[in-house]
Amino acid sequence: MVLIELIICNETEPMNISIYRFIGIAALAAIFITGCGGGAFPDVVASKLNDQGPIFRSLSVTLSSPGGVEVEYWNEGSPHLVMQSLSASDTSYEISMPRLRANKTYSYVVRSIVEGRRSSQLANGDFQTGDLPADIKAMTFTANGVASEPLTFLTVRSTFTGGIIVDAEGQVVWYGRTSVAPQGATRRANGNWVIELNGVGLAEFSALGEQVGFLPQSRLAPQIHHSVTATPQNTLLFLAYEPRLYTGTSLKGESIWEWNPKDDSLVKRWSAFDFLDPSVDFGVRSVPSDWFHANSIAIGQHGNII
């Protein structure tokens, strides 16, 4: 049995877990919208529950005419969760149902949406989630105090390597398995998670825990490392080492690259060598093989890169 506490990774001390707060809860629990007026609601012609893994389910819904779809689901003693389609002009949808716990029985109802109005129940059903994989079950997450956020994202380096999301009670509600220990993670506007894998690449995972995108290290010579962040344009900025010759010695600096998973484009956006002078900007712990060891990248409130 492995006990893992929820701790913040400190670069000065080796730890085997990093925490990234899950902020965008509005994308997982949509707001109920009510209104007046409008036409008739489409009928649900067909709905099919898709088993995507132990705690992963999605619902395929077909409407009789164009409209939006809302799925509400819950289990006894837990909050009701709601997912809505991003579009309201199609007739076929696949709606992911995130935040499911293992070994629980869930009920769900399906409604159609027209001009912001929700229909009454059009379809319903029940399903049972499965058992977590053995290497995840071997870890225990204990939640103490009052959670400041409903979900917490963990990058785990243990018998299981990858990303795990736990809820406020320490229950695993999502996981994505990676080949090596992750160093950082970020969430895109489409709800997908991107996990940074040192020297291997960037792996993108869906709400169903599936790897849906990958940027391999082989696409660029410098080593990807430490951190990745999503931009307002839904692209990804990440750190990579950049070695250059300086006064006859190889000096390993830093660069920032941007990856757009939509068209798979890759562009270098910044280099430390263009803005910093190694003869001046050289710290007491700087060495040629590690000039200044960038370990985090984020977008500031004014749009600048930190």
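This text goes with the structure placed above it.
Fair warning: this is a prediction, and the values are worked out from it, not measured in the lab.

A. The nonpolar core, seen in detail. By size, the foremost hydrophobic cluster in this structure holds 26 residues, and its most contacted members are Ile-136, Ile-164, Val-172 and Tyr-175. Of all the secondary structure elements, the ones that give two or more residues to this core are strand 10 (139–141), strand 11 (151–157), strand 12 (161–167), strand 13 (172–177), strand 15 (193–197) and strand 16 (201–205).

B. Structural detail: the environment of Glu-94. Structurally, Glu-94 is set in strand 6 (residues 90–96). Along the backbone, Glu-94 and Leu-49 are 45 residues apart, and their C-alpha atoms lie at a distance of 9.5 Å. Once residues lying within four places of it in the same chain are set aside, the contact partners of Glu-94 are Asn-50, Gln-52, Ser-58, Leu-59 and Ser-60. One polar contact links Glu-94 to Gln-52, side chain to side chain, over a distance of 3.3 Å.

C. Representation of the pattern of salt bridges within the structure. Throughout the structure, instances matching the rule amount to 14 salt bridges. Note that Arg-219 and Asp-264 form a salt bridge whose closest N and O atoms lie 3.1 Å from each other. With Arg-219 in the loop between strand 17 (211–216) and strand 18 (224–230) and Asp-264 in the loop between strand 20 (249–260) and strand 21 (265–271), this residue pair connects regions lying 45 residues apart in the sequence. Residue classification places Asp-264 among the partly exposed residues on the basis of a relative accessible area of 35%. A salt bridge links Glu-242 to Lys-268; the nearest nitrogen and oxygen atoms lie 3.0 Å apart. A residue pair is termed long-range when its members are at least 10 positions apart, and Glu-242 in strand 19 (residues 236–246) and Lys-268 in strand 21 qualify at 26 residues. Take Glu-242: its relative accessible area is 7%, and that puts it in the buried class. For Lys-268, a relative accessible area of 37% gives the class partly exposed.

D. Summary view of unusual backbone geometry. The residue Asn-234 is not glycine, and still its phi comes out positive at about 70 degrees. Here Asn-234 shows up in the loop between strand 18 and strand 19. Positive phi, close to 45 degrees, is recorded for Thr-247, a residue that is not glycine. Tracing the chain through its elements places Thr-247 in the loop between strand 19 and strand 20. On the basis of relative accessible area, Thr-247 is assigned to the exposed category, the value being 67%.

E. Spatial organisation of the environment of Gln-217. Mapped onto the elements of the fold, Gln-217 is located in the loop between strand 17 and strand 18. For Gln-217 and Gly-201, which are 16 residues apart along the polypeptide, the C-alpha to C-alpha distance reads 4.7 Å. Among residues more than four places away in sequence, those in contact with Gln-217 are Gly-199, Val-200, Gly-201, Pro-222, Gln-223 and Ile-224. Polar side-chain contacts of Gln-217 include one of 2.5 Å to the backbone oxygen of Pro-222.

F. Representation of a nonpolar patch on the surface in the model. A contiguous nonpolar surface patch, about 280 Å² in accessible area, is contributed by Phe-275, Leu-276 and Phe-292. When you line up the elements, Phe-292 lands in the segment after strand 21.

G. Region of the structure containing the packing of aromatic side chains. Per the counting criterion, the structure on display carries 10 aromatic pairs. Measuring from ring centre to ring centre gives 5.2 Å for Trp-291 and Phe-292, while their planes differ by 75 degrees; the resulting arrangement is edge-to-face. Residue Trp-291 is classed as buried on the basis of its relative accessible area of 1%. Counting every residue linked through ring pairs, the aromatic cluster contains Phe-153, Trp-174, Trp-193 and Phe-205. For Lys-252, the ring lying beneath its charged end belongs to Tyr-241, and the centroid distance is 4.1 Å.

H. Main features of the sheet that holds strand 18. As summarised here, the arrangement of the four strands in space is 18-19-20-21, forming an open sheet in which the pairing is antiparallel. What marks the edges here is a single partner per strand, and that holds for strand 18 and strand 21. Put simply, the sheet's adjacent strands are angled 35 degrees from each other on average, direction ignored. For strand 20 and strand 21, the ladder comprises six bridges, and the chain directions are antiparallel. When the bridges of strand 21 are listed, Trp-257 appears paired with Lys-268.

I. Highlighting the pairing of strand 3 (residues 44–53). Taken together, the eight bridges between strand 3 and strand 4 (residues 56–75) define a ladder with antiparallel strand orientation. Looking at strand 4, one finds that Gly-53 is bridged to Phe-56. Hairpin connection, strand 3 to strand 4: the antiparallel pair is bridged by two residues.

J. Just the sheet that holds strand 14 (residues 182–187), in detail. Taken in spatial order, the four strands of this open sheet run 14-15-16-17, and their pairing is antiparallel. Each edge of the open sheet carries a strand with a single partner, namely strand 14 and strand 17. With direction set aside, neighbouring strand axes in the sheet form an average angle of 20 degrees. Pairing geometry for strand 16 and strand 17, over five bridges, is antiparallel. Its bridge partner lying in strand 17, Ala-203 is registered against Phe-214.

Analysis parameters
Residues numbered from 1 in each chain as written. Predicted model: local features only at pLDDT ≥ 70, side-chain atom pairs only at ≥ 80, totals over all residues. Heavy atoms only, no water. Core = buried A, V, L, I, M, F, W, Y, C linked by side-chain atoms within 4.5 Å. Buried < 20%, exposed > 50% of the residue type's maximum accessible area, 1.4 Å probe, protein only. Helix = DSSP H or I, 4+ residues; strand = E, 2+ residues; numbered from the N terminus. Contact = heavy atoms within 4.5 Å. Polar contact = N/O pair within 3.5 Å; in protein donor to acceptor, adjacent residues only side chain to side chain. Salt bridge = Lys/Arg side-chain N within 4 Å of Asp/Glu carboxyl O. Patch = residues over 30% accessible without salt bridge, like charges linked within 9 Å, V, L, I, M, F, W, Y side chains within 5 Å. Areas by Shrake-Rupley, 256 points an atom, 1.4 Å probe, with all protein chains shown as cover. Phe/Tyr/Trp six-rings, centres within 6.5 Å; stacked < 30°, edge-to-face > 60°. Lys NZ or Arg CZ within 6 Å of the ring centre and 35° of its normal. Pairing = 2+ DSSP bridges. Axes fitted to C-alpha atoms, helices over the stretch in contact; angles between N-to-C directions.

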